[in-house]
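Architecture and fold: a report
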Amino acid sequence: MTPPTATNPPTASTPTAPPANALTGKRRIAFASFVDENYLPGFLTLLRSLALSNPNVCEDFLVLHDGLRPESVGKIRALHPRVDFRQVNAAHYDTYAKGDQDNYLVRKAYFILDVFRVRDYDTVITLDTDMVVLDDLGELLRLREGLAAVPQFFYGQHKLNSGLLVIQREYLTDAFCAELDEVGRAGTYELDKHDQGILNAVLDGDFVQLDARFNFVKRRLSGDLPVPDGTAILHFTGRHKPWQGGESGYGEAEARWHAYHLSDAEFHAAYLATGGTKHHDLLVHYGTPHVRRTADVESARKVAAAHILAGEYQEAVDLLAPLRIPVDESWPNEVLGHALMSVSRYEEARAQLLLAASAPNRAATAYGRLAQIAWIHGDDEEASRLALQGLGVDPTHRANRLMHLRTTGLTPPAEGPASGQLAHVAFYMERQGNAGDKLLPESVRLAFGQDTGPDRWHSVHAHRLFDEAALERVNARRGLVIGGGGLFIPDTAPNGNSGWQWNVPDDLLERIDVPVVVYAVGFNAFDGQAYGHGRKRFLSSLRKLVESSAFFGLRNHGSIEKVRNLLPPELHHKVRFQPCPTTVTRQLVDGWRDPAGREDTILVNAAYDRAGLRFGHDYGHFLREMATAVTALGEQAEVKCVAHSLDDERIAFDLRREHGISLPVIPMYDFDNDAIRDVYARTKLVIGMRGHAGMIPFGCGTPIISLISHPKMAYFLSDIERPEWGISVHDRHLGARLTERATALLADHAASVADVHGRQQELWKVTEANAADLRVILAGR
């Protein structure tokens, strides 16, 4: 059997199934097992072993069954937070059973066929219920090619062993299922000897061979031999299972199985005690009942910290606040303080953080959070003092250093008369901040006129508490502009007043009596990122904002669809398209001139915030493919790393360490706005992962290719009708495709630039039409 497109990239004439995630192409992975009541004890132990051996792995788990009791379903759900029960059609057993429907091997053979009917995952890993996982499975999760299995130990290397399969999308097709069905109906396989007989007959040895440690069969340990070090999966093949009394001569192996045959309380405690990084979903799923059972403060701290990392701030408060935390337990007090300030319970947060500040190992972080609370409330002097105290404990603490710089030696700008100003709510990036966010406020202001300074504009930092004094200042202006940027996101500047980046309580939002203009804001949630218990707060604030707005413009149609889905139908009409002003920079900057010549460079940007959501298990693959592309493109132009933030430099470090490739780094986080625009206008091509590593160069007239790890990249390319300018970071052939598309854009560079100008002109038409409406809205104010 020839594997379908297992090694060769698909061509234009080869139809391929759409990716499970249509926007980012992120690979969806699932484990799968066939479970019945007789093998349920083995499956429960398998789930425990998987979690304890791989505490940072939590993929969906498909449970295929032909009927499970409700109490059995409950036991399974208690052991895994992402279970999907799928009942198979037992009537189909007659196709292969030949009167032996109760034969477990026959039923499992049908399960094999049912797994190949899965269509909503890119990779499926099957595990038998008589297995235990003893070591890291990362190698299996990173596999991206073909169908992989361990060769049979006893029956020859051309056949795969039962139990473990790593199946990629090209095998999860109707055509491959038809082959399996044909062989199954013909009965030309040896089901009595090996339950993968149907699959072996179809593949005829054509599969990716894995090391035996991923399916180490019990029979190799006869005579009470010890389980070899490095064994990842131990498979209890044969009729005698450990939960049924076992079999003599395999004591060492069965002891490994019984180590995972635990009560729920024992299992939860064991998971909390494992070292290394733990997956959020598992830590919450096991840690929450453990904390409720034991009231253990240290376990609660771990679970609450996981909630905070996921933007689930109220959940963290609900878990930690009821516990009696000793005053000298600095870390739990600091975590609770962090959670409380994130839901705007600032006074309670101060009390917890002051307790944490008494311990040297947590003091710097605690002082940093106390300084942030002071700054949120507009007290720069107190924020500076607290940040300095934190630096006294740890002179290298970056958050305290940035806060001290932000609040020291400030000279308020001399503003013009309030009646001639617009108030502007935005995220004003400090020194060494994200270059895209640094440029955004000025770009928004340029859309309203060439004067972007304090004569015309009154700045309102979105992350500071909007209080009565701020309301009075805004109502004294001609109007209020909110934007741009991806302000609709739950965790960049968490607060309990709005649930998004602007820290505004509902009652104050309702009392703004000047025209409110929401301009080019984006819905910036990542795939897999949710608002948690803060969703209700966000929805209420969003609705009030839309109701009170005279103009509500979002920067891409993807955000428009997302936001409309969160609003009642009667408000849908108010949500309109307003492109990010950075995408029309050439039209907005007074006296703009396109460069007479361009540098012979290609700029590459990669982003590392929320890396797990961006890359999943594919970062190693991404880096290898980028090494391929950078090497090939380096023959056409000098390739440089452009860093919007300090973390963006990581790609240069990793390429050098892993692949011996050196890239010069452009520290754009240190640049002013003119320098940012100048660098992007003078290069030939930008390959960027950040949204504004695409939108800013595009606005400067430079061709772009987006490395898609966030939906907003796909949204923008869809708006300009150039989806081919984007490639998923998960693309199996990323390096080759990136090289091909970059080479095409460089081959006729003048035409590529002209295409950018033409696409930009369409966005400018929308911007001009909106500007006409805004002049009417703001007229006479």
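About the thresholds
- Residues numbered from 1 in each chain as written.
- Predicted model: local features only at pLDDT ≥ 70, side-chain atom pairs only at ≥ 80, totals over all residues.
- Heavy atoms only, no water.
- Helix = DSSP H or I, 4+ residues; strand = E, 2+ residues; numbered from the N terminus.
- Rg over C-alpha atoms; globule rule 2.2 N^0.38 Å.
- Buried < 20%, exposed > 50% of the residue type's maximum accessible area, 1.4 Å probe, protein only.
- Contact = heavy atoms within 4.5 Å.
- Areas by Shrake-Rupley, 256 points an atom, 1.4 Å probe, with all protein chains shown as cover.
- Lys, Arg positive; Asp, Glu negative; His and termini not counted.
- Charge placed at Lys NZ, Arg CZ, Asp CG, Glu CD.
- Axes fitted to C-alpha atoms, helices over the stretch in contact; angles between N-to-C directions.
- Parallel < 35°, antiparallel > 145°, perpendicular 65-115°, else oblique.
- Nonpolar A, V, L, I, M, F, W, Y, C, P; charged D, E, K, R; others polar.
- Pairing = 2+ DSSP bridges.
- Right-handed = clockwise from strand over helix to strand, strands pointing away.
- Salt bridge = Lys/Arg side-chain N within 4 Å of Asp/Glu carboxyl O.
- Core = buried A, V, L, I, M, F, W, Y, C linked by side-chain atoms within 4.5 Å.
- Expected span 1.5 Å × (residues − 1).
- Phe/Tyr/Trp six-rings, centres within 6.5 Å; stacked < 30°, edge-to-face > 60°.

This part covers the overall build of the chain. Within the chain one finds 31 helices and 23 strands. Here the C-alpha radius of gyration of the chain, 29 Å, is about what a compact globule of 781 residues would show, namely 28 Å. Relative to its 781 residues, the chain shows a buried fraction of 58%. Within the chain, residue pairs in contact and separated by at least 24 positions form 72% of the contacts whose partners lie at least 6 positions apart. Total accessible area on the chain stands at roughly 31000 Å², and carbon and sulfur atoms take up 50% of it. In the chain, the 83 positive side-chain charges and the 99 negative ones have mean positions that sit 2 Å from each other.

On to the packing of helix α25 (residues 619–633) against helix α26 (residues 650–659). Closest axis-to-axis distance for the α25/α26 pair is 10 Å, and the angle between their directions is 85°. Taken together, the axis directions place α25 and α26 in an arrangement best described as roughly perpendicular. Residue-level contacts link Tyr619, Phe622, Leu623, Arg624, Met626, Ala627 and Val630 of α25 to Arg650, Ile651, Asp654, Leu655, Glu658 and His659 of α26. Among the residues forming the contact of α25 with α26, the class breakdown is eight nonpolar, one polar and four charged.

The subject of this paragraph is the sheet that holds strand β9 (residues 216–217). The three strands lie next to each other as β5-β10-β9, forming an open sheet whose pairing is mixed. Edge positions in the sheet fall to β5 (131–133) and β9, since each of these pairs with one other strand and no more. Bridge count for β5 against strand β10 (residues 233–235) is three bridges, and the pairing is antiparallel. Opposite Met131, over in β10, you have His235 as the bridge partner.

For the rest of this paragraph, the subject is the pairing of strand β22 (residues 704–708). Counting buried residues along β22, five of its five residues qualify, which places the element largely inside the surrounding structure. Residues Ile704, Ser706 and Ile708 line one face of β22 and the alternating positions Ile705 and Leu707 line the opposite face, and both faces are buried. Where strand β21 (residues 685–688) lies against β22, three bridges are found, and the strand directions are parallel. Its bridge partner lying in β22, Val686 is registered against Ile704. Read as a crossover between parallel neighbours, the route from β21 over helix α28 (residues 692–699) to β22 is right-handed. In the sheet, β22 pairs with strand β23 (residues 726–728) via three bridges, with the strands oriented parallel.

On to the pairing of strand β4 (residues 123–126). Alternating residues of β4 divide into Thr123 and Ile125 and Val124 and Thr126, and every residue in both groups is buried. In the sheet, strand β1 (residues 29–34) pairs with β4 via four bridges, with the strands oriented parallel. Following the sheet pairing, Ala32 is matched in β4 by Thr126.

Attention now moves to the pattern of salt bridges. Per the stated rule, a full pass over the model turns up 47 salt bridges. For Glu298, the salt bridge identified is with Arg301, shortest N-O distance 2.5 Å. With Glu298 and Arg301 both in helix α11 (residues 297–309) and three residues apart, this pair spans about one turn of that helix. For Glu298, a relative accessible area of 34% corresponds to the partly exposed category. Glu347 is the salt-bridge partner of Arg350, the closest N and O atoms lying 2.1 Å from each other. Placement of both Arg350 and Glu347 in helix α14 (residues 346–356) is noted, with a separation of three residues, approximately one turn of the helix. Judged by relative accessible area, which is 24%, Arg350 ranks as partly exposed. Judged by relative accessible area, Glu347 falls into the exposed class, the value being 57%.

A few words on the side chain of His424. Here His424 lies in strand β11 (residues 422–426). A relative accessible area of 0% places His424 in the buried class. Leaving out residues up to four positions away in the same chain, His424 has contacts with Pro441, Val444, Arg445, Trp457, His458, Ser459, Val460, Leu480, Val481 and Gly483.

Turning to the nonpolar core, a few remarks are in order. Residues Phe488, Trp502 and Phe622 are the most contacted members of the largest nonpolar core, which totals 104 residues. Broken down by element, this core gets its largest block of residues, eight residues, from α25. One finds Cys58, Val133, Ala366 and Ala387 within the second-largest nonpolar core, a separate group that totals 96 residues.

What follows is about the side chain of Ser330. Along the chain, Ser330 turns up in helix α13 (residues 330–342). With sequence-adjacent residues up to four places away left out, Ser330 is seen in contact with Ala356, Ala359, Asn361 and Arg362.

The next subject is helix α30 (residues 734–747). For α30, with 14 residues, the first-to-last C-alpha span of 20 Å sits near the 20 Å given by 1.5 Å per residue. Along its buried surface, α30 packs onto β18 (601–604), α25, β21, β22, β23 and α31 (749–778).

Per the counting criterion, the structure on display carries 23 aromatic pairs. Taking the centre distance of 5.2 Å and the plane angle of 50° together, the rings of Phe116 and Phe176 count as tilted. With Phe116 in the loop between α4 (104–115) and β4 and Phe176 in helix α6 (residues 174–186), this residue pair connects regions lying 60 residues apart in the sequence. Centre to centre, the rings of Phe615 and Phe622 are 5.2 Å apart; their planes meet at 40°, and the pair counts as tilted.

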